[in-house]
Amino acid sequence: MASKEEKEAVHHHVLMVSFSAQGHINPLLKLGIRLVSKGLHVTLATTEVAQDRMFKSFAAAAATTTISSVSDIQLAFFSDGFDMDYDRKANLDHYMETLGKVGPINLSKLIQQHYHDKQKKLCCIISNPFVPWVADVAVEHGIPCAMLWIQPCSLFTIYYRFYNNLNQFPTLEKPDLTVELPGLPILNPQDLPSFVLPSNPFGSLPKLFIELFSNMKKHNWVLANSFLELEKEAIDSMSELCPIRPVGPLVPPSLLGQDHENLFDVGIQLRKPEDSCLEWLSNQADSSVIYVSFGSIIDLSAKEMEAIATALKNSKRPFLWVVKKPEFPTADKSGEIPQGFFEETKKQGLIVSWCPQTKVLAHPAIACFITHCGWNSMLETISAGVPVIAYPQWSDQPTNAMLVSDVFKIGSRLGTNEDGVVNSEEVEKCIEEIIHGVKSEEYKKNAMELKLAAREAVAGGGSSDRNIQLFVEEIIGS
Ligand code: UDX
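Throughout what follows, the structure given in this document is the object of discussion. Just so we're clear, the structure is a prediction, and the values are computed from it rather than from any experiment.

Cut-off values and rules
Residues numbered from 1 in each chain as written. Predicted model: local features only at pLDDT ≥ 70, side-chain atom pairs only at ≥ 80, totals over all residues. Heavy atoms only, no water. Phe/Tyr/Trp six-rings, centres within 6.5 Å; stacked < 30°, edge-to-face > 60°. Helix = DSSP H or I, 4+ residues; strand = E, 2+ residues; numbered from the N terminus. Buried < 20%, exposed > 50% of the residue type's maximum accessible area, 1.4 Å probe, protein only. Lys NZ or Arg CZ within 6 Å of the ring centre and 35° of its normal. Pairing = 2+ DSSP bridges. Axes fitted to C-alpha atoms, helices over the stretch in contact; angles between N-to-C directions. Parallel < 35°, antiparallel > 145°, perpendicular 65-115°, else oblique. Contact = heavy atoms within 4.5 Å. Nonpolar A, V, L, I, M, F, W, Y, C, P; charged D, E, K, R; others polar. Salt bridge = Lys/Arg side-chain N within 4 Å of Asp/Glu carboxyl O.

**Structural notes on the packing of aromatic side chains**
Overall, the coordinates contain 27 aromatic pairs when judged by the stated rule. Arranged with centres 6.4 Å apart and planes meeting at 85°, the rings of Phe 78 and Trp 133 form a pair that is edge-to-face. Placement of the pair is Phe 78 in strand E5 (residues 73-78) and Trp 133 in the loop between strand E6 (120-127) and helix H5 (134-141), with a sequence separation of 55 residues. For the pair shown, Phe 78 and Trp 133 are each scored as buried. With a centroid separation of 6.0 Å and 25° between ring planes, the pair formed by Tyr 159 and Tyr 163 is classed as stacked. Pair noted here: Tyr 159 and Tyr 163 are both in helix H6 (residues 153-163), with a separation of four residues, about one helical turn. Assigned by exposure class, Tyr 159 and Tyr 163 land together as buried. A cation over a ring is seen here: Lys 120 above Tyr 115, with NZ or CZ 5.4 Å from the ring centre.

**Here we look at the sheet that holds strand E16 (residues 411-413)**
Pairing within the open sheet is parallel, and its six strands lie in the order E13-E12-E11-E14-E15-E16. On the outer flanks of this sheet lie strand E13 (349-352) and E16, each paired with one strand and no other. Between one strand axis and the next, the sheet turns through 15° on average, direction left out of account. When strand E14 (residues 366-371) meets strand E15 (residues 388-390), the two strands line up parallel, connected through three bridges. Among the inter-strand pairings, Ile 370 is bridged to a residue of E15, identified as Ile 389.

**Concerning the packing of helix H13 (residues 375-384) against helix H14 (residues 397-408)**
In a pair of packed helices, the angle between the axes and the distance between the axes together describe the arrangement. Two elements in contact, H13 and H14, have axes separated by 10 Å at closest approach and are oriented at 30°. As judged from the angle between their axes, H13 and H14 are roughly parallel. Where H13 abuts H14, its residues Trp 375, Met 378 and Ile 382 lie against Asn 400, Val 404 and Phe 408. By residue class, the composition of the contact of H13 with H14 is five nonpolar, one polar and no charged.

**Notes on the pairing of strand E8 (residues 221-224)**
By the alternation rule, side chains of E8 split into Trp 221 and Leu 223 and Val 222 and Ala 224, which are all buried. Inspection of the sheet shows strand E7 (residues 145-149) paired to E8 by four bridges, in the parallel sense. Bridge pairing in E8 links Trp 149 to Ala 224. Judged from the two bridges that link them, E8 and strand E9 (residues 245-246) form a sheet pairing that is parallel. Each bridged residue has a counterpart across the sheet, and for Ala 224 the counterpart in E9 is Pro 246.

**Notes on the pattern of salt bridges**
In the structure shown here, the tally under the stated rule is 14 salt bridges. With a shortest N-O distance of 3.7 Å, Lys 101 and Glu 97 are connected by a salt bridge. Of the two residues, Lys 101 and Glu 97 are both situated in helix H4 (residues 92-114); the distance of four residues between them amounts to about one turn of the helix. Salt-bridge contacts for Lys 218 lead to Asp 136; the nearest nitrogen and oxygen are separated by 2.6 Å. In this pair, Lys 218 is assigned in the loop between helix H7 (204-214) and E8 and Asp 136 in helix H5, connecting sequence segments 82 residues apart. Of the residues examined, Asp 136 reaches a relative accessible area of 31% and is grouped as partly exposed.

Listed below in structure tokens is the structure:
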């Protein structure tokens, strides 16, 4: 039996394993910093391509060594079996398949190399959704395993029921079927995540979800980047099937008024933000600026860019628009600013290629956010109390947009034609409505209430803080 001194000398470690994308790594890092604050030692492992491609917004470190640290979180990298210059996005199916074979072998080696010391007790491996094979590695090594779900709990409910055939969903024969699930409003096909629709063309990602949901029993805990007060009904309704514990919102502590609590902001940036836009915002009146951004992946078509541009110009209001430099410019000019727009609106607004979004949303000059409803952006706008105009594109975004308008009631969703494309009159109408319309006060009030609820959830003794504390006690005791 171990003596008291020996027991005290044991350090409790957690290994977090992420798919190498900004929106996947960042919530895990933010959870990691909270686990560190509760006394655990945390390492985040991801593939070497993240080390190569992403520059870090924090201390320089990591680029040249195999393991380094971010604040108090160690970083470790393993090979995904491809060279750095291989285009993973263009060959996603092949990439995911290979990662599913090579990843477990290399992760196993990493575990053997880093956790052979008796004083270092690896008490839990935490993964996120695009690496479902991590649960198999954890089982093989006899280590308890948790997953951090990085989309709303409402999405977890939908996928869980879909992949376990618990409810009827639209089919090619019945494409207009509505779906009634406990804890959620009645869902029309346009409210469902694109992966569950019969028309879904994105092969490898739904396959991953099939694997994930069939591996769910191998997870001892399912944590979620959400908070109880935001999605209470969906979370309560899941509890009998597969309990899910919200531990969020996992956003910068400064957005939650916690910058004084020794919680560092950790995160990686895919692109370099143009910080000068904060100065520009400071010269604008309070609650006057329309902030527009569609996240890290989506490039709108030329027609959609034109509609947004025309509406912004006609609104005569100041705007800050993030227009990324397309990674691979296309002949149809998708994702590009319409010709002449920049010159015509130089005095009215600012266009940047990437901004420090969380600081932008927290700025008093921001009036509303036109967004694709990626879940990170949603949690950030909720934590900042900023109302939303939703223009969802794929994956979880249509459901997130439904949550915005029908559940959280912090904004509206742009209407589109049958091809899902918006026109400028609709954008203009929604801008006016969110700023001055009959529901604008209600949106603002609801957004402010959710902002306070988010702060309470993560503060000491709040619902998410309690869930993290309980999780820590359970993994140390297991
Ligand atoms: C992806 C999926 O598209 C989305 O559906 C899913 O919910 C999460 O993963 P992405 O499209 O990048 O994410 O959107 P989002 O989740 O909103 O994440 C974007 C992140 O980039 C946010 O954290 C945001 O703060 C950051 N960002 C965006 C910037 O820092 N600067 C910018 O200019 C724009």
